[in-house]
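A structural walkthrough
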Amino acid sequence: MEDRAPEVSSTTTQTSPTQSSHRRREGRGAWVLTAYGISGLALFGLLAYFFSQYIARW
């Protein structure tokens, strides 16, 4: 029983640095997806604008 408690705490301390680095990677991925989303919306807006101009002249 006494041997189990240090093993559990040592595995907890070993996994916590990997979890914190994993959280950083998730945060970066969220920013990348946000940037792609904004870029996609801007591109869609430009295409809609040029399409509406094309339809207006036609």
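Residues numbered from 1 in each chain as written. Predicted model: local features only at pLDDT ≥ 70, side-chain atom pairs only at ≥ 80, totals over all residues. Heavy atoms only, no water.

Turning next to the overall build of the chain. Counting its secondary structure elements, the chain contains 1 helix and 0 strands. Residues classed as buried in the chain amount to 0% of the 58 residues present. (Helix = DSSP H or I, 4+ residues; strand = E, 2+ residues; numbered from the N terminus. Buried < 20%, exposed > 50% of the residue type's maximum accessible area, 1.4 Å probe, protein only.)

This next bit is on the packing of aromatic side chains. Enumeration according to the criterion identifies 1 aromatic pair in this entry. Taking 5.4 Å as the distance between ring centres and 65° as the angle between the ring planes, the aromatic pair formed by Tyr49 and Phe50 counts as edge-to-face. (Phe/Tyr/Trp six-rings, centres within 6.5 Å; stacked < 30°, edge-to-face > 60°.)

Residues Phe51, Tyr54, Ile55 and Trp58 make up a contiguous nonpolar surface patch of about 570 Å² in total accessible area. Among the secondary structure elements, Trp58 is positioned in the segment after helix 1 (4–57). (Patch = residues over 30% accessible without salt bridge, like charges linked within 9 Å, V, L, I, M, F, W, Y side chains within 5 Å. Areas by Shrake-Rupley, 256 points an atom, 1.4 Å probe, with all protein chains shown as cover. Salt bridge = Lys/Arg side-chain N within 4 Å of Asp/Glu carboxyl O.)

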